[in-house]
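Close look at the chain arrangement
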Amino acid sequence: MKSFFIAIGVILLAIFIIIATNINNIPRLDENVKASWSQVQNQYKRRADLIPNLVSTVKAYASHEKSTLQEVTKARSNVGKLNISEDMLSNPQLFEQFQKAQSSLSSALSRLMLVVEKYPNLKANKNFLALQSQLEGTENRISVARRDYIQTVKEYNTELRTYPGKFVAAILYPEAKIKQTFIAPPNEQEVPKVEF
Amino acid sequence: MKKFFYYFILASFIFTANLLAQANFPSLTGRVVDNAKILTTSQIKNLTTILKKHEEQTSNQIVILTLKNLDGYEIADYGYQVARYWELGQKDKNNGVLLLVSLDDRKLRIEVGYGLEGVLTDKISHEIIEYTIKPEFKKGEYYQGISKGATAIIKSIKGEYTKSSSPQTYKDESFISLLPFEFLGFITLFIFVFLPRIIRLIGFSLLFGFLSGIFALLITSSGIVFFIVFLIVSITLFIKFKNASFTNSSSYSSGSSFSSSSSFGSSSSSFSGGGGSFGGGGASGSW
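These remarks concern the structure in this document. If you're wondering where the values come from, they're calculated on a predicted model, not measured in any experiment.

Rules used in this analysis
- Residues numbered from 1 in each chain as written.
- Chains lettered and ligands numbered in written order.
- Predicted model: local features only at pLDDT ≥ 70, side-chain atom pairs only at ≥ 80, totals over all residues.
- Heavy atoms only, no water.
- Contact = heavy atoms within 4.5 Å.
- Salt bridge = Lys/Arg side-chain N within 4 Å of Asp/Glu carboxyl O.
- Helix = DSSP H or I, 4+ residues; strand = E, 2+ residues; numbered from the N terminus.
- Nonpolar A, V, L, I, M, F, W, Y, C, P; charged D, E, K, R; others polar.
- 1 Å grid on protein atoms, 1.4 Å probe; cavity = no way out; pocket = protein on both sides within 12 Å on 5 of 7 lines; lining within 4 Å.
- Points joined across faces, edges and corners; volume = space filled by probe spheres on them.
- Phe/Tyr/Trp six-rings, centres within 6.5 Å; stacked < 30°, edge-to-face > 60°.
- Buried < 20%, exposed > 50% of the residue type's maximum accessible area, 1.4 Å probe, protein only.
- Pairing = 2+ DSSP bridges.
- Axes fitted to C-alpha atoms, helices over the stretch in contact; angles between N-to-C directions.
- Expected span 1.5 Å × (residues − 1).
- Core = buried A, V, L, I, M, F, W, Y, C linked by side-chain atoms within 4.5 Å.
- Patch = residues over 30% accessible without salt bridge, like charges linked within 9 Å, V, L, I, M, F, W, Y side chains within 5 Å.
- Areas by Shrake-Rupley, 256 points an atom, 1.4 Å probe, with all protein chains shown as cover.

1. Here's the deal with the interface of chain B and chain A
Each partner contributes to the interface: chain B provides 30 residues, whereas chain A provides 29 residues. Summed over the shared surface of chain B and chain A, the number is five salt bridges. When the shortest N-O distance is used, the salt bridge between D122 of chain B and R46 of chain A registers 3.9 Å. The element that contributes the greatest number of residues to the side of chain B that touches chain A is helix α8 (residues 223-247) of chain B, accounting for nine residues. For the side of chain B that touches chain A, the class distribution of residues is 13 nonpolar, 10 polar and seven charged.

Right, here's the structure in full:
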(Lines give C-alpha, C1' and ligand atoms only; values in the text may rest on other atoms or scores of the structure.)
Protein backbone atom coordinates (compact mmCIF):
# COMPACT_ATOMS: atom_id res chain seq x y z
CA MET A 1 0.00 0.00 0.00
CA LYS A 2 2.75 2.35 0.96
CA SER A 3 4.58 1.78 -2.28
CA PHE A 4 1.35 2.51 -4.16
CA PHE A 5 1.15 5.98 -2.61
CA ILE A 6 4.78 6.55 -3.36
CA ALA A 7 4.15 5.62 -6.97
CA ILE A 8 1.18 8.03 -7.18
CA GLY A 9 3.30 10.74 -5.61
CA VAL A 10 6.06 10.14 -8.07
CA ILE A 11 3.64 10.32 -10.98
CA LEU A 12 2.24 13.62 -9.71
CA LEU A 13 5.76 14.85 -9.27
CA ALA A 14 6.51 13.76 -12.81
CA ILE A 15 3.55 15.71 -14.16
CA PHE A 16 4.67 18.71 -12.20
CA ILE A 17 8.21 18.43 -13.50
CA ILE A 18 7.01 18.04 -17.07
CA ILE A 19 4.90 21.17 -16.83
CA ALA A 20 7.57 23.10 -15.00
CA THR A 21 10.27 22.26 -17.50
CA ASN A 22 8.11 23.00 -20.52
CA ILE A 23 6.19 25.99 -19.31
CA ASN A 24 8.15 28.45 -21.39
CA ASN A 25 8.38 26.47 -24.60
CA ILE A 26 5.25 27.71 -26.29
CA PRO A 27 5.78 31.43 -25.64
CA ARG A 28 9.42 31.10 -26.60
CA LEU A 29 8.69 29.30 -29.85
CA ASP A 30 5.88 31.73 -30.53
CA GLU A 31 8.32 34.61 -30.28
CA ASN A 32 10.69 32.82 -32.63
CA VAL A 33 7.90 32.46 -35.15
CA LYS A 34 7.06 36.14 -34.86
CA ALA A 35 10.67 37.17 -35.29
CA SER A 36 11.19 35.02 -38.34
CA TRP A 37 7.91 36.24 -39.77
CA SER A 38 9.01 39.86 -39.45
CA GLN A 39 12.13 38.90 -41.32
CA VAL A 40 10.04 37.43 -44.14
CA GLN A 41 7.96 40.59 -44.34
CA ASN A 42 11.05 42.72 -44.17
CA GLN A 43 12.58 41.00 -47.17
CA TYR A 44 9.38 41.09 -49.17
CA LYS A 45 9.15 44.79 -48.47
CA ARG A 46 12.69 45.24 -49.62
CA ARG A 47 11.81 43.59 -52.88
CA ALA A 48 8.75 45.77 -53.33
CA ASP A 49 10.91 48.84 -52.73
CA LEU A 50 13.28 47.83 -55.49
CA ILE A 51 10.58 47.54 -58.10
CA PRO A 52 9.86 51.22 -59.01
CA ASN A 53 13.52 51.76 -59.74
CA LEU A 54 13.77 48.58 -61.74
CA VAL A 55 10.64 49.33 -63.75
CA SER A 56 11.80 52.82 -64.66
CA THR A 57 15.22 51.56 -65.73
CA VAL A 58 13.73 48.86 -67.93
CA LYS A 59 11.19 51.30 -69.34
CA ALA A 60 13.95 53.55 -70.64
CA TYR A 61 15.28 50.76 -72.85
CA ALA A 62 12.32 48.53 -73.49
CA SER A 63 9.36 50.85 -73.64
CA HIS A 64 7.25 48.59 -75.83
CA GLU A 65 7.22 45.80 -73.26
CA LYS A 66 4.35 47.66 -71.72
CA SER A 67 2.23 44.70 -70.73
CA THR A 68 5.00 42.98 -68.81
CA LEU A 69 5.89 46.18 -67.04
CA GLN A 70 2.28 46.87 -66.18
CA GLU A 71 1.89 43.41 -64.81
CA VAL A 72 4.80 43.94 -62.45
CA THR A 73 3.45 47.30 -61.32
CA LYS A 74 0.02 45.86 -60.76
CA ALA A 75 1.32 42.84 -58.84
CA ARG A 76 3.36 45.17 -56.69
CA SER A 77 0.42 47.37 -55.85
CA ASN A 78 -1.60 44.27 -54.96
CA VAL A 79 1.10 43.28 -52.55
CA GLY A 80 1.10 46.77 -51.09
CA LYS A 81 -2.64 46.64 -50.50
CA LEU A 82 -2.45 43.54 -48.35
CA ASN A 83 -3.45 44.00 -44.80
CA ILE A 84 -0.83 42.22 -42.79
CA SER A 85 -1.39 41.41 -39.19
CA GLU A 86 -0.12 38.82 -36.82
CA ASP A 87 -3.30 36.79 -36.53
CA MET A 88 -2.90 36.16 -40.22
CA LEU A 89 -0.36 33.52 -39.27
CA SER A 90 -3.03 31.30 -37.81
CA ASN A 91 -5.61 32.18 -40.45
CA PRO A 92 -5.30 29.93 -43.52
CA GLN A 93 -7.32 32.19 -45.89
CA LEU A 94 -5.41 35.38 -45.17
CA PHE A 95 -2.14 33.56 -45.28
CA GLU A 96 -2.94 32.03 -48.63
CA GLN A 97 -3.94 35.44 -49.95
CA PHE A 98 -0.60 36.84 -48.88
CA GLN A 99 1.28 33.98 -50.43
CA LYS A 100 -0.68 34.28 -53.67
CA ALA A 101 -0.01 37.99 -54.02
CA GLN A 102 3.69 37.54 -53.38
CA SER A 103 4.03 34.64 -55.76
CA SER A 104 2.23 36.51 -58.53
CA LEU A 105 4.72 39.33 -58.03
CA SER A 106 7.52 36.77 -58.20
CA SER A 107 6.30 35.36 -61.47
CA ALA A 108 5.70 38.82 -62.97
CA LEU A 109 9.26 39.72 -62.05
CA SER A 110 10.73 36.58 -63.50
CA ARG A 111 8.85 37.20 -66.75
CA LEU A 112 10.28 40.70 -66.80
CA MET A 113 13.76 39.36 -66.32
CA LEU A 114 13.23 37.01 -69.25
CA VAL A 115 11.97 39.79 -71.53
CA VAL A 116 15.01 41.81 -70.68
CA GLU A 117 17.23 39.22 -72.32
CA LYS A 118 16.16 40.64 -75.68
CA TYR A 119 17.75 44.03 -75.00
CA PRO A 120 21.54 43.88 -75.09
CA ASN A 121 21.83 47.63 -74.41
CA LEU A 122 19.85 47.28 -71.25
CA LYS A 123 21.84 44.27 -70.18
CA ALA A 124 25.05 46.24 -70.58
CA ASN A 125 23.72 49.09 -68.47
CA LYS A 126 25.59 49.19 -65.16
CA ASN A 127 22.66 50.61 -63.31
CA PHE A 128 20.51 47.75 -64.51
CA LEU A 129 23.14 45.17 -63.63
CA ALA A 130 23.34 46.58 -60.13
CA LEU A 131 19.57 46.46 -59.79
CA GLN A 132 19.57 42.94 -61.09
CA SER A 133 22.13 41.85 -58.52
CA GLN A 134 20.12 43.54 -55.80
CA LEU A 135 16.97 41.81 -56.93
CA GLU A 136 18.80 38.50 -57.03
CA GLY A 137 20.15 39.09 -53.54
CA THR A 138 16.72 40.00 -52.28
CA GLU A 139 15.13 36.92 -53.77
CA ASN A 140 17.81 34.91 -52.11
CA ARG A 141 17.18 36.59 -48.77
CA ILE A 142 13.49 35.94 -49.17
CA SER A 143 14.11 32.28 -49.66
CA VAL A 144 16.37 32.17 -46.60
CA ALA A 145 13.81 34.05 -44.52
CA ARG A 146 11.05 31.78 -45.72
CA ARG A 147 13.04 28.72 -44.86
CA ASP A 148 13.79 30.06 -41.39
CA TYR A 149 10.12 30.82 -40.95
CA ILE A 150 9.15 27.32 -42.00
CA GLN A 151 11.64 25.92 -39.51
CA THR A 152 10.39 28.01 -36.59
CA VAL A 153 6.76 27.23 -37.41
CA LYS A 154 7.63 23.58 -37.58
CA GLU A 155 9.12 23.72 -34.11
CA TYR A 156 6.14 25.63 -32.79
CA ASN A 157 3.56 23.35 -34.36
CA THR A 158 5.43 20.27 -33.26
CA GLU A 159 5.45 21.58 -29.72
CA LEU A 160 1.71 22.17 -29.91
CA ARG A 161 0.90 18.81 -31.41
CA THR A 162 3.13 16.44 -29.51
CA TYR A 163 3.42 15.52 -25.87
CA PRO A 164 4.33 16.97 -23.47
CA GLY A 165 3.77 20.28 -25.25
CA LYS A 166 0.20 19.45 -26.17
CA PHE A 167 -0.57 18.68 -22.58
CA VAL A 168 1.01 21.91 -21.32
CA ALA A 169 -0.75 23.95 -24.00
CA ALA A 170 -4.13 22.50 -23.13
CA ILE A 171 -3.70 23.56 -19.52
CA LEU A 172 -1.85 26.85 -19.80
CA TYR A 173 -2.16 28.21 -23.33
CA PRO A 174 -5.56 27.22 -24.69
CA GLU A 175 -5.45 30.17 -27.13
CA ALA A 176 -2.33 28.87 -28.91
CA LYS A 177 -3.14 27.80 -32.46
CA ILE A 178 -1.34 25.91 -35.19
CA LYS A 179 0.39 28.39 -37.49
CA GLN A 180 0.39 28.47 -41.26
CA THR A 181 3.49 27.92 -43.26
CA PHE A 182 4.62 28.32 -46.84
CA ILE A 183 3.90 25.68 -49.39
CA ALA A 184 4.98 25.96 -52.97
CA PRO A 185 1.83 26.35 -55.10
CA PRO A 186 1.78 24.30 -58.31
CA ASN A 187 2.42 27.29 -60.58
CA GLU A 188 5.58 28.14 -58.67
CA GLN A 189 7.04 24.73 -59.24
CA GLU A 190 6.94 25.10 -62.99
CA VAL A 191 10.15 26.12 -64.61
CA PRO A 192 9.68 29.32 -66.64
CA LYS A 193 9.79 28.66 -70.36
CA VAL A 194 12.48 30.24 -72.45
CA GLU A 195 11.57 30.81 -76.08
CA PHE A 196 14.06 31.38 -78.80
CA MET B 1 -1.56 2.20 -14.57
CA LYS B 2 2.08 1.43 -14.28
CA LYS B 3 2.11 -0.05 -17.73
CA PHE B 4 0.54 3.07 -19.13
CA PHE B 5 3.16 5.10 -17.38
CA TYR B 6 6.00 3.14 -18.93
CA TYR B 7 4.43 3.50 -22.34
CA PHE B 8 4.15 7.20 -21.76
CA ILE B 9 7.82 7.47 -20.91
CA LEU B 10 8.79 5.37 -23.85
CA ALA B 11 6.65 7.45 -26.20
CA SER B 12 7.97 10.77 -25.01
CA PHE B 13 11.47 9.43 -25.38
CA ILE B 14 10.86 8.38 -28.95
CA PHE B 15 9.31 11.74 -29.75
CA THR B 16 12.33 13.63 -28.65
CA ALA B 17 14.96 11.22 -29.80
CA ASN B 18 14.73 11.99 -33.51
CA LEU B 19 18.15 13.36 -34.01
CA LEU B 20 18.90 16.77 -35.34
CA ALA B 21 19.81 16.26 -38.92
CA GLN B 22 22.68 18.35 -40.14
CA ALA B 23 24.28 18.37 -43.54
CA ASN B 24 27.85 17.34 -43.67
CA PHE B 25 29.70 20.62 -43.77
CA PRO B 26 33.47 20.84 -43.81
CA SER B 27 35.10 21.69 -40.52
CA LEU B 28 36.50 25.13 -39.91
CA THR B 29 40.17 24.35 -39.81
CA GLY B 30 41.39 27.88 -40.31
CA ARG B 31 40.63 31.14 -42.02
CA VAL B 32 41.37 29.53 -45.34
CA VAL B 33 39.79 26.14 -45.84
CA ASP B 34 41.16 24.87 -49.11
CA ASN B 35 39.30 21.65 -49.72
CA ALA B 36 39.67 21.96 -53.48
CA LYS B 37 43.47 22.08 -53.11
CA ILE B 38 44.01 25.03 -55.41
CA LEU B 39 46.32 26.98 -53.12
CA THR B 40 49.83 26.26 -51.96
CA THR B 41 50.79 26.24 -48.30
CA SER B 42 52.55 29.57 -48.53
CA GLN B 43 49.59 31.14 -50.32
CA ILE B 44 47.27 29.93 -47.58
CA LYS B 45 49.65 31.37 -45.05
CA ASN B 46 49.68 34.75 -46.77
CA LEU B 47 45.92 34.92 -46.96
CA THR B 48 45.58 33.83 -43.36
CA THR B 49 47.93 36.57 -42.25
CA ILE B 50 45.94 39.22 -44.11
CA LEU B 51 42.63 37.99 -42.79
CA LYS B 52 43.92 37.62 -39.27
CA LYS B 53 45.32 41.10 -39.23
CA HIS B 54 42.01 42.42 -40.44
CA GLU B 55 40.14 40.65 -37.69
CA GLU B 56 42.53 41.97 -35.07
CA GLN B 57 41.84 45.51 -36.23
CA THR B 58 38.13 45.34 -36.87
CA SER B 59 36.81 42.07 -35.43
CA ASN B 60 35.33 41.25 -38.84
CA GLN B 61 35.79 37.59 -39.61
CA ILE B 62 36.48 36.72 -43.21
CA VAL B 63 36.86 33.10 -44.21
CA ILE B 64 37.72 31.60 -47.56
CA LEU B 65 36.38 28.20 -48.47
CA THR B 66 37.19 26.33 -51.63
CA LEU B 67 35.37 23.15 -52.53
CA LYS B 68 35.55 20.55 -55.26
CA ASN B 69 31.78 20.59 -55.63
CA LEU B 70 28.65 21.47 -53.71
CA ASP B 71 27.07 18.05 -53.21
CA GLY B 72 24.13 19.10 -55.36
CA TYR B 73 23.37 22.26 -53.38
CA GLU B 74 22.67 25.62 -54.94
CA ILE B 75 25.64 27.81 -54.13
CA ALA B 76 23.44 30.41 -52.42
CA ASP B 77 21.90 27.72 -50.24
CA TYR B 78 25.18 26.16 -49.36
CA GLY B 79 26.84 29.48 -48.65
CA TYR B 80 24.54 30.74 -45.97
CA GLN B 81 24.17 27.35 -44.36
CA VAL B 82 27.86 26.71 -44.00
CA ALA B 83 28.43 30.29 -42.85
CA ARG B 84 25.75 29.88 -40.19
CA TYR B 85 27.15 26.54 -39.21
CA TRP B 86 30.55 28.10 -38.68
CA GLU B 87 29.06 31.18 -37.06
CA LEU B 88 31.42 33.59 -38.70
CA GLY B 89 31.48 37.07 -37.26
CA GLN B 90 31.04 38.29 -33.71
CA LYS B 91 27.85 37.45 -31.97
CA ASP B 92 26.71 41.01 -31.33
CA LYS B 93 27.83 42.36 -34.71
CA ASN B 94 27.17 39.51 -37.14
CA ASN B 95 30.16 40.72 -39.09
CA GLY B 96 31.29 37.63 -40.94
CA VAL B 97 32.02 37.20 -44.62
CA LEU B 98 32.50 33.95 -46.47
CA LEU B 99 34.14 33.76 -49.86
CA LEU B 100 33.07 30.45 -51.30
CA VAL B 101 34.55 28.90 -54.43
CA SER B 102 33.30 25.69 -55.96
CA LEU B 103 35.79 24.47 -58.48
CA ASP B 104 33.95 21.88 -60.56
CA ASP B 105 30.79 23.93 -60.99
CA ARG B 106 32.90 27.03 -61.63
CA LYS B 107 30.80 29.01 -59.22
CA LEU B 108 31.68 31.42 -56.49
CA ARG B 109 29.82 33.41 -53.92
CA ILE B 110 30.40 36.12 -51.37
CA GLU B 111 28.18 35.48 -48.38
CA VAL B 112 27.72 38.51 -46.17
CA GLY B 113 26.67 38.51 -42.52
CA TYR B 114 23.72 40.59 -41.34
CA GLY B 115 25.94 43.22 -39.80
CA LEU B 116 27.88 43.94 -42.97
CA GLU B 117 25.03 43.94 -45.47
CA GLY B 118 24.95 47.71 -45.23
CA VAL B 119 28.53 48.23 -46.44
CA LEU B 120 29.22 45.11 -48.45
CA THR B 121 25.94 45.32 -50.33
CA ASP B 122 24.74 42.89 -52.95
CA LYS B 123 25.81 45.39 -55.56
CA ILE B 124 29.35 45.69 -54.24
CA SER B 125 29.68 41.93 -53.78
CA HIS B 126 28.45 41.49 -57.31
CA GLU B 127 31.00 43.98 -58.58
CA ILE B 128 33.83 42.35 -56.66
CA ILE B 129 32.91 39.03 -58.20
CA GLU B 130 32.39 40.35 -61.72
CA TYR B 131 35.26 42.77 -62.10
CA THR B 132 37.88 41.66 -59.59
CA ILE B 133 37.72 37.93 -59.11
CA LYS B 134 36.25 36.59 -62.34
CA PRO B 135 38.89 37.91 -64.75
CA GLU B 136 41.61 36.18 -62.70
CA PHE B 137 39.65 32.95 -62.37
CA LYS B 138 39.10 32.85 -66.11
CA LYS B 139 42.85 32.86 -66.55
CA GLY B 140 43.14 30.08 -64.00
CA GLU B 141 44.83 32.37 -61.49
CA TYR B 142 42.92 31.22 -58.46
CA TYR B 143 45.25 32.63 -55.89
CA GLN B 144 45.32 36.03 -57.57
CA GLY B 145 41.54 36.10 -57.80
CA ILE B 146 40.99 35.06 -54.21
CA SER B 147 43.62 37.37 -52.86
CA LYS B 148 42.41 40.39 -54.83
CA GLY B 149 38.84 39.54 -53.90
CA ALA B 150 39.73 39.32 -50.23
CA THR B 151 41.50 42.66 -50.44
CA ALA B 152 38.47 44.24 -52.10
CA ILE B 153 36.19 42.80 -49.42
CA ILE B 154 38.43 44.12 -46.69
CA LYS B 155 38.52 47.53 -48.34
CA SER B 156 34.76 47.77 -48.44
CA ILE B 157 34.12 46.68 -44.86
CA LYS B 158 37.07 48.30 -43.17
CA GLY B 159 35.29 51.28 -41.67
CA GLU B 160 32.26 49.51 -40.30
CA TYR B 161 33.42 48.13 -37.00
CA THR B 162 36.36 48.59 -34.72
CA LYS B 163 37.62 46.11 -32.27
CA SER B 164 36.12 46.80 -28.89
CA SER B 165 38.75 47.24 -26.22
CA SER B 166 37.28 44.76 -23.80
CA PRO B 167 37.96 41.19 -24.78
CA GLN B 168 34.99 39.38 -26.19
CA THR B 169 33.51 36.90 -23.81
CA TYR B 170 30.66 34.76 -24.88
CA LYS B 171 28.46 33.82 -22.06
CA ASP B 172 26.56 30.76 -22.88
CA GLU B 173 23.09 31.40 -21.59
CA SER B 174 22.07 27.87 -22.34
CA PHE B 175 22.13 25.08 -19.88
CA ILE B 176 25.87 24.99 -19.48
CA SER B 177 25.57 27.74 -16.93
CA LEU B 178 22.92 25.77 -15.11
CA LEU B 179 25.27 22.94 -14.42
CA PRO B 180 27.27 22.96 -11.25
CA PHE B 181 30.66 22.60 -12.77
CA GLU B 182 32.59 22.38 -9.56
CA PHE B 183 30.31 19.58 -8.53
CA LEU B 184 31.16 17.19 -11.29
CA GLY B 185 33.90 19.05 -13.03
CA PHE B 186 35.84 16.29 -14.56
CA ILE B 187 33.04 14.08 -15.81
CA THR B 188 31.06 16.97 -17.22
CA LEU B 189 34.07 18.31 -19.00
CA PHE B 190 34.85 14.90 -20.34
CA ILE B 191 31.36 14.46 -21.72
CA PHE B 192 31.33 18.01 -22.94
CA VAL B 193 34.53 17.90 -24.86
CA PHE B 194 34.77 14.56 -26.49
CA LEU B 195 31.37 13.40 -27.56
CA PRO B 196 28.98 14.54 -30.27
CA ARG B 197 26.12 16.70 -29.16
CA ILE B 198 23.30 14.23 -28.96
CA ILE B 199 25.38 11.78 -27.00
CA ARG B 200 26.44 14.58 -24.69
CA LEU B 201 22.81 15.47 -24.09
CA ILE B 202 21.94 11.89 -23.29
CA GLY B 203 25.03 11.59 -21.14
CA PHE B 204 24.16 14.65 -19.09
CA SER B 205 20.58 13.58 -18.69
CA LEU B 206 21.46 10.10 -17.54
CA LEU B 207 24.11 11.39 -15.19
CA PHE B 208 21.83 13.83 -13.43
CA GLY B 209 18.95 11.39 -13.54
CA PHE B 210 21.14 8.87 -11.80
CA LEU B 211 22.19 11.34 -9.14
CA SER B 212 18.60 12.38 -8.47
CA GLY B 213 17.70 8.72 -8.31
CA ILE B 214 20.38 8.11 -5.69
CA PHE B 215 19.04 11.06 -3.75
CA ALA B 216 15.51 9.65 -3.87
CA LEU B 217 16.87 6.26 -2.89
CA LEU B 218 18.49 7.73 0.19
CA ILE B 219 15.21 9.32 1.25
CA THR B 220 12.75 6.55 0.49
CA SER B 221 15.09 3.56 0.38
CA SER B 222 12.97 1.99 -2.33
CA GLY B 223 14.47 0.59 -5.48
CA ILE B 224 11.38 1.29 -7.58
CA VAL B 225 11.42 4.95 -6.62
CA PHE B 226 15.05 5.12 -7.57
CA PHE B 227 14.28 3.68 -10.95
CA ILE B 228 11.27 5.91 -11.61
CA VAL B 229 13.01 9.08 -10.49
CA PHE B 230 16.00 8.14 -12.59
CA LEU B 231 13.86 7.73 -15.69
CA ILE B 232 11.76 10.84 -15.17
CA VAL B 233 14.63 13.15 -14.40
CA SER B 234 16.73 11.82 -17.25
CA ILE B 235 13.97 12.22 -19.78
CA THR B 236 12.81 15.64 -18.66
CA LEU B 237 16.37 16.88 -18.55
CA PHE B 238 16.98 15.47 -21.96
CA ILE B 239 13.93 17.26 -23.35
CA LYS B 240 14.91 20.44 -21.63
CA PHE B 241 18.51 20.31 -22.81
CA LYS B 242 17.52 19.47 -26.30
CA ASN B 243 15.20 22.43 -26.45
CA ALA B 244 17.84 24.68 -24.96
CA SER B 245 20.31 23.51 -27.54
CA PHE B 246 17.80 24.13 -30.30
CA THR B 247 17.90 27.85 -29.91
CA ASN B 248 21.55 27.83 -29.12
CA SER B 249 22.46 24.79 -31.10
CA SER B 250 25.08 26.54 -33.08
CA SER B 251 27.08 27.87 -30.19
CA TYR B 252 27.16 24.41 -28.86
CA SER B 253 28.05 22.47 -31.93
CA SER B 254 30.94 24.56 -33.08
CA GLY B 255 32.37 24.57 -29.61
CA SER B 256 33.16 28.25 -29.88
CA SER B 257 32.67 28.74 -26.18
CA PHE B 258 35.42 26.29 -25.63
CA SER B 259 38.13 27.64 -27.80
CA SER B 260 37.41 31.12 -26.55
CA SER B 261 37.90 30.03 -22.97
CA SER B 262 41.26 28.68 -24.10
CA SER B 263 41.78 26.71 -20.92
CA PHE B 264 42.54 23.75 -23.06
CA GLY B 265 45.80 25.19 -24.19
CA SER B 266 44.72 25.64 -27.77
CA SER B 267 47.51 27.27 -29.65
CA SER B 268 47.12 30.78 -30.97
CA SER B 269 46.62 29.52 -34.49
CA SER B 270 43.28 27.93 -33.70
CA PHE B 271 40.29 29.74 -35.06
CA SER B 272 36.59 29.54 -34.56
CA GLY B 273 33.51 31.51 -35.40
CA GLY B 274 32.32 34.11 -32.93
CA GLY B 275 28.58 33.48 -33.15
CA GLY B 276 27.53 35.67 -36.06
CA SER B 277 24.56 34.95 -38.24
CA PHE B 278 23.71 35.17 -41.93
CA GLY B 279 20.55 35.83 -43.86
CA GLY B 280 21.46 35.25 -47.46
CA GLY B 281 23.08 38.58 -48.24
CA GLY B 282 25.78 38.75 -50.87
CA ALA B 283 26.11 37.79 -54.49
CA SER B 284 26.98 34.79 -56.60
CA GLY B 285 28.64 34.39 -59.94
CA SER B 286 30.20 31.83 -62.20
CA TRP B 287 33.27 31.94 -64.35
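2. Things to note about empty space enclosed by the protein
Across all of its chains, the model carries two cavities of 30 Å³ or more by this definition. In this structure, the second largest cavity spans a volume of roughly 40 Å³. As for the second largest cavity, its lining consists of K126, L129 and A130 of chain A together with H126, E127 and Y131 of chain B. Mapped onto the lining of the second largest cavity, the elements with two or more residues apiece are α6 (126-161) of chain A together with α4 (122-138) of chain B.

3. Focus on the packing of aromatic side chains
Aromatic ring pairs: the centre-centre distance and the angle between the two ring planes describe each pair. Counted by the stated rule, this structure contains 19 aromatic pairs over all chains. Aromatic side chains F95 of chain A and Y149 of chain A sit 6.3 Å apart centroid to centroid with 20° between the ring planes, which places their arrangement in the stacked category. With F95 of chain A in helix α4 (residues 92-115) and Y149 of chain A in helix α6, the pair connects residues that are 54 residues apart, well separated along the chain. Classification of Y149 of chain A as buried rests on a relative accessible area of 0%. Measuring from centroid to centroid gives 5.4 Å for F25 of chain B and Y85 of chain B, while their planes differ by 45°, and the two rings are tilted. Of this pair, F25 of chain B sits in the loop between α1 (2-17) and β1 (32-34) while Y85 of chain B is found in helix α3 (residues 75-86), placing the two residues 60 residues apart along the sequence.

4. Considering the sheet that holds strand β5 (residues 278-286) of chain B
Read from one edge to the other, the open sheet built from five strands follows the order β1-β2-β3-β4-β5 (chain B), with strand pairing classed as mixed. Of all strands in the sheet, those bounded by a partner on one side alone are β1 and β5 of chain B. Averaged over neighbouring strand pairs, the angle between their axes works out to 15° when direction is ignored. Examined bridge by bridge, strand β4 (residues 107-113) of chain B and β5 of chain B share seven bridges and lie antiparallel to one another. Counterpart to G113 of chain B in the pairing with β5 of chain B is F278 of chain B. Contacting β4 and β5 of chain B, α6 of chain A runs over the sheet at an angle of about 135° to β5 of chain B. In the packing of α4 of chain B onto the sheet, the strands contacted are β3 (96-102), β4 and β5 of chain B, and the crossing angle to β5 of chain B comes to about 35°.

5. Some points on the pattern of salt bridges
Residues and elements named next belong to chain B. One pass over the structure, following the stated rule, counts 17 salt bridges over all chains. We note a salt bridge from E55 to R31, for which the minimum N-O separation is 2.4 Å. In this pair, E55 is assigned in helix α2 (residues 41-58) and R31 in the loop between α1 and β1, connecting sequence segments 24 residues apart. Overall, E55 belongs to the buried group, its relative accessible area being 12%. For R31, a relative accessible area of 10% translates into the label buried. Residue R109 pairs with E111 through a salt bridge whose shortest N-O separation is 2.5 Å. With respect to class, R109 is no different from E111; both count as buried.

6. Considerations on α3 of chain B
Between the first and last C-alpha of α3 of chain B there are 16 Å, a value that for 12 residues agrees with the 16 Å anticipated at 1.5 Å per step. Counting buried residues in α3 of chain B gives nine out of 12 residues, a clear majority hidden from the surface. Among the residues of α3 of chain B, I75, A76, D77, Y78, G79, Y80, V82, A83 and W86 of chain B are the ones counted as buried. Its buried side turned inward, α3 of chain B meets α6 of chain A together with β1, β2 (61-67), β3, β4 and β5 of chain B. Of the residues one or two after α3 of chain B, E87 of chain B is the one with positive phi, at around 55°.

7. Here's the deal with the environment of V144 of chain A
Secondary-structure assignment places V144 of chain A in helix α6. On the basis of relative accessibility, which here comes to 1%, the residue V144 of chain A falls in the buried class. Note: C-alpha distance between V144 of chain A and Q43 of chain A (101 residues apart in sequence) is 9.6 Å. When near neighbours in sequence (up to four residues on either side) are disregarded, V144 of chain A contacts Y80, R84, G279 and G280 of chain B.

8. Focus: the nonpolar core
Ranked by size, the top nonpolar core spans 45 residues in total, and within it W37, L54, V58 and Y149 of chain A carry the most contacts. Sorting the residues of this core by element identifies α2 (25-61), α3 (66-81), α4, α6 and α7 (165-172) of chain A as the ones contributing at least two each. Residues contacting V58 of chain A, with those up to four places away along its chain left out, are L69, L112, V116, L122 and F128 of chain A. Residues L39, L51, L116 and I154 of chain B belong to the second largest nonpolar core, which totals 32 residues.

9. Considerations on a nonpolar patch on the surface
Residues and elements named next belong to chain A. A grouping of M1, F4, F5, I8, L12, I15, I23, Y163, F167, I171 and L172 is seen on the molecular surface, where their side chains present a nonpolar patch of about 1,100 Å² in accessible area. At the level of elements, α1 (2-22) and α7 are the ones that each hand at least two residues to the nonpolar patch. Looking at the nonpolar patch, the element that brings in the most residues is α1, giving five residues. With respect to the helices, strands and loops of the structure, M1 is situated in the segment before α1. With relative accessibility at 70%, the residue M1 sits in the exposed group.

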